[in-house]
Amino acid sequence: MAATNKIFSILLFLGLIFQGYGQSCSLNDLSVSVAKAGSFIQGKPEWEVTIANNCVCKQQNVKLNCTGFQTLELIDPSVLSVSGNVCLVNAGKPIISNDPFTFKYAWDYLFQLTPINSTIACS
Ligand SMILES: *[C@@H]1O[C@H](CO)[C@@H](O)[C@H](O)[C@H]1NC(C)=O
Ligand SMILES: *[C@@H]1O[C@H](CO)[C@@H](O)[C@H](O)[C@H]1NC(C)=O
């Protein structure tokens with residue numbers, strides 16, 4: 001009985017390791033920061049949004065919660081495509097680690113855009 005428990009414990013332990021390995025990247029590895037870019041567009045401050053992927057795996061089809069988002073500065077849809085309350089980043093192409101993706105917008109205030117979906121591709 002004790003031996004069976006031991007084997008069971010080892011299997012459980014290995015299971016946790018593999019599960020942890022598979023889940024090593026998540027949406028939480030995407031960080032979005034916003035800072036004043038320093039210029040003004042039609043009287044409104046310009047902001048630079050930086051999306052960093054802190055995971056070794058690529059994250060693609062990255063979508064942000066864009067509820068309330070507005071900009072006077074036009075943004076190319078291949079950079080940020082707004083569809084209702086959801087924005088698709090980089091036309092769905094991957095954001096890779098150590099190569100943050102940035103775009104600029106102009107509005108009176110900062111928008112806190114949060115990642116709501118992505119596809120993680122480890123290869
Ligand atoms: C998006 O943001 C709005 C405003 O902060 C919030 O009410 C809403 O629940 C968010 N939606 C999702 C899908 O996270
Ligand atoms: C992300 O999008 C996929 C495909 O549309 C969907 O199946 C999945 O449930 C979404 N995940 C979240 C957290 O919204």
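Scroll up to find the structure.
Treat the numbers as computed from the prediction; the structure is a model and nothing was measured.

(A) Spotlight on unusual backbone geometry. In this structure, Gln42 is a non-glycine residue whose phi angle is positive, near 45°. For Asn61, which is not glycine, the phi dihedral falls at a positive 50°. You can see Asn61 is positioned in strand β3 (residues 58–65).

(B) Looking closely at the nonpolar core. Core analysis: the largest hydrophobic core is formed by 21 residues, its most contacted members being Ile51, Leu64, Phe69, Phe103 and Tyr105. Mapped onto this core, the elements with two or more residues apiece are β1 (30–41), β2 (44–53), β3, β5 (86–89) and β6 (101–106). Residues within four places of Tyr105 in sequence aside, it is in contact with Val34, Pro45, Glu46, Trp47, Val49, Phe69, Gln70, Thr71, Glu73, Ile75, Leu110 and Phe111.

(C) Broad picture of the site of ligand 1. Close to ligand 1 lie Asn65, Thr67 and Ile116, which account for all nearby residues. Asn65 is positioned such that a nitrogen or oxygen atom in its side chain is 2.3 Å from an oxygen atom of ligand 1. Here ligand 1 loses 28% of its free accessible area of 360 Å² to cover by the protein chains.

(D) Expanded view of the sheet that holds β2. One open sheet holds the 3 strands; their spatial order is β1-β2-β6, and the pairing between them is antiparallel. The open sheet terminates on both sides in strands that have one partner only, identified here as β1 and β6. This sheet shows a mean twist of 20° between the axes of neighbouring strands, independent of strand direction. Note that β1 and β2 share 9 bridges and pair antiparallel. For Ser33, the partnering residue across the bridge sits in β2 and is Thr50.

(E) Highlighting the state of the cysteines. Scanning the model with the defined rule gives 3 disulfides in all. The disulfide partner of Cys25 is Cys55, and the gap between their sulfur atoms is 1.9 Å. Where Cys25 bonds to Cys55 through sulfur, the torsion about that S-S bond is close to 85°, and the disulfide is right-handed. Of this pair, Cys25 sits in the loop between α1 (2–22) and β1 while Cys55 sits in the loop between β2 and β3, and the two are 30 residues apart along the sequence. Take Cys25 and Cys55: they sit in the same class, and that class is buried. With its bonded cysteines labelled in order along the sequence, the protein chain shows the pairing 1-2, 3-6, 4-5.

Cut-offs and rules
Position numbers for residues count from 1 along each chain, tracking the sequence in the order it is written. Note on labels: chains are lettered from A, ligands numbered from 1, in written order. Given that this is a predicted model, residues contribute local features only at a pLDDT of at least 70 and side-chain atom pairs are listed and counted only at 80 or more, while totals for whole chains, interfaces and linings are drawn from all residues. Side-chain numbers here rest on the full set of heavy atoms in the structure, without hydrogens or water. Helix and strand definitions follow DSSP, with helices as H or I runs of at least four residues and strands as E runs of at least two, each counted in order from the N terminus. Here the nonpolar core consists of buried residues drawn from Ala, Val, Leu, Ile, Met, Phe, Trp, Tyr and Cys, with membership extended through side-chain atoms lying within 4.5 Å. With a 1.4 Å probe rolled over the protein chains alone, any residue whose accessible area is under 20% of its type maximum counts as buried; one over 50% counts as exposed, and the rest are partly exposed. Throughout, a contact is declared for two residues whenever any of their heavy atoms are within 4.5 Å. The criterion for a residue being near a molecule or strand is simple. One of its heavy atoms has to lie within 4 Å of it. The definition of a polar contact used here is a pair of N or O atoms within 3.5 Å, where within protein one atom must be able to donate a hydrogen and the other to accept one, and adjacent residues in sequence count solely through side-chain atom pairs. To measure how exposed things are, a 1.4 Å probe is used in the Shrake-Rupley method; for residues, cover is taken only from the protein chains shown. For two strands to pair, DSSP has to find at least two bridges joining them. Axis definition: a line fitted to C-alpha atoms, limited for helices to the stretch in contact. Angles are taken between N-to-C directions and run from 0 to 180 degrees. Only a pair of cysteine sulfur atoms within 2.5 Å qualifies as a disulfide here.

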